[in-house]
2 protein chains.
Amino acid sequence: MAEKQNTLYVGALAKGLLVLRAFDKTATELSLTELAARTGLDKSATQRLANTLFVEGMLDKDPKTKRFRPSHAWLRMAYTYFWSNPLIQLAMPRLIELSQHLGATANLAEISGDHILYVSRIPGKTSHFASTIVGRRLPALTTAAGRAILSTWPATDRAQAVATWTVEQITSQTTLDRDEIGRAIDQVADQGYAETQGQAMLGHTGVSAPVVGPDNVAFAAVQCSFPSRTWPAARIQEEALPHILEAANAIAPQVRPGRYTDEVGRLQV
Amino acid sequence: MAEKQNTLYVGALAKGLLVLRAFDKTATELSLTELAARTGLDKSATQRLANTLFVEGMLDKDPKTKRFRPSHAWLRMAYTYFWSNPLIQLAMPRLIELSQHLGATANLAEISGDHILYVSRIPGKTSHFASTIVGRRLPALTTAAGRAILSTWPATDRAQAVATWTVEQITSQTTLDRDEIGRAIDQVADQGYAETQGQAMLGHTGVSAPVVGPDNVAFAAVQCSFPSRTWPAARIQEEALPHILEAANAIAPQVRPGRYTDEVGRLQV
DNA sequence: CGTCTTTGTATTATATTATGATACTAGGTA
DNA sequence: TACCTAGTATCATAATATAATACAAAGACG
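Computed from a predicted model, the values in this text were never measured in an experiment.

A few words on the protein's contact with DNA strand C. Around DNA strand C sit 17 residues, and of these Lys15, Ser44 and Arg48 of chain A together with Ser31 and Thr33 of chain B come closest. Here the atoms of DNA strand C within 4 Å of the protein split so that 54% fall in sugar or phosphate, with bases taking the remainder. In this structure, Tyr9 of chain B approaches DNA strand C through a main-chain N or O atom, which is 3.5 Å from a phosphate oxygen. A class-by-class count of the residues in the surface near DNA strand C yields 5 nonpolar, 6 polar and 6 charged.

Below you can see the structure in the form of structure tokens.
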């Protein structure tokens, strides 16, 4: 951030974003001093930036504790994002159908750097909070959706992803072995869908099919998550898989070329 | 914005936010010149700010058309917001239950200035895109949820809201008459729930119950929307209402005091 | 097919504006 | 009550945003 000495780069704005990004899942309410510590900015700068964000409605401030927290504006941005992404609109009815039919969470995931991002989630009967909220990011290599997407990429891109992209222990069963991941993706390419066991959530099977563009390359995937206890492999195979594949295939032909085929790789949030 | 000559106010940051806010539902992809026109900033400023937002990952830029659009970071902010709002976590299982049971969209709405904001939405069988996405804002006075919330407020606050808050023609059936709205809210206070016909969506009945805090004042409401054709008043009364009231009442006792009871009235997005 | 217009990109001297050290104030704790 | 911590306010200084302008590239048009 500080390195960008470009005159086309407004440092004050970047620092403001730094303050916004100081908040995360585990730090949802921050005092001025905490904010300063997390951003690395001094007290004065933090004070000025946080105050500006407060005045502009990007942060709420508890009148008693003086602590800051994300404001409704953060949700408002998601609203605009949803309208900006045509794929979500295309996918929504299919996801609702899927969720209703299977009783499981139906997700649309997009590739975002070397992670996947849930951009749309329809909860099923047993879903709980964490699996209903959009915006979650997971390393692509350790998720069914990520592997489904990667399986459609040219061999060289795929190889590079497998060799260099983030792997991270999410659960005790998360596979970190890149060779094994590579073989798994090869298999996905053959069979047309990805299936993972407890990679992102213990006791759950993830099933995902890529949503391919006109060039047969995917940047998104339909994904469902099933409790392994009530959904043994055979049942998934018979009852769920056809519908997931159908949903992904139903969306695919409507994907315009160009819009997703050139994602900008850049600093990740 | 420009008026704030305070030294605790960072103009460059505020202008950056102005650029972000230039995007909305109907303008999801903007060129540099459009951005300049919408923000009122000159070409140079817009260039610098947009470029900074791009470098920091807040905006994507189409390499061909050079047009900017919201990035995945916009969704990421929603993710953090969800974790920051304990009410959403409390409400989620109830909303899922409601939605599954009734087959209708189940929403949690919060008051946000003189609007309500959908902070959580679980789609039902027939839901379509627009009613599945969070972050939508509607004038509180013209929605069942807004009226349900207002009905719990002290008489003076209520009267002032009815007299001064925004009313806006959303559908052809939207009521703009403040006296009529006032009477409707009085009725809501008596019966404990709000019911509206086609106020926000033609052919749909909205039903909402307030989620009250320890002081019996509400800042949020559970709301469901029913197609009037298949859900005549009597059916809603018998089959839906009890569950909606139950859901709202189930959430209420868990609402901590203080957290919602002092919303900061400030510039709205 | 070449000209014209529009839109995006890059540069620079200038003065506006962010900076951060410091002093002040209030709330909580011992 | 005295002390400490954390938030708030002020101000001289220098850093940095500014906006005018020039350049480049891409479409539009005859």
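Next comes the rest of the description.
A few words now on the side chain of Asn107 of chain B. All names here are of chain B. Within the element layout of this structure, Asn107 appears in strand β3 (residues 105–112). A polar contact of 2.8 Å, which involves the side chain of Asn107, links it to the side chain of Arg121. There is a polar contact of 2.7 Å between the side chain of Asn107 and the side chain of Gln223. The contacts of Asn107, once residues within four sequence positions are left out, are Leu95, Tyr118, Ser120, Arg121, Ala221, Val222 and Gln223.

Our next topic: the packing of aromatic side chains. All names here are of chain A. Considering all chains together, one arrives at 12 aromatic pairs over all chains under this definition. Arranged with centres 5.8 Å apart and planes meeting at 90°, the rings of Trp153 and Trp165 form a pair that is edge-to-face. A residue pair is termed long-range when its members are at least 10 positions apart, and Trp153 in the loop between α6 (144–150) and α7 (155–164) and Trp165 in the loop between α7 and α8 (178–191) qualify at 12 residues. This pair shows no difference in class: Trp153 is buried, exactly as Trp165 is.

About the thresholds
Residues numbered from 1 in each chain as written. Chains lettered and ligands numbered in written order. Predicted model: local features only at pLDDT ≥ 70, side-chain atom pairs only at ≥ 80, totals over all residues. Heavy atoms only, no water. Near = heavy atom within 4 Å. Polar contact = N/O pair within 3.5 Å; in protein donor to acceptor, adjacent residues only side chain to side chain. Nonpolar A, V, L, I, M, F, W, Y, C, P; charged D, E, K, R; others polar. Helix = DSSP H or I, 4+ residues; strand = E, 2+ residues; numbered from the N terminus. Contact = heavy atoms within 4.5 Å. Phe/Tyr/Trp six-rings, centres within 6.5 Å; stacked < 30°, edge-to-face > 60°. Buried < 20%, exposed > 50% of the residue type's maximum accessible area, 1.4 Å probe, protein only.

That's the geometry; what it means functionally is another story.
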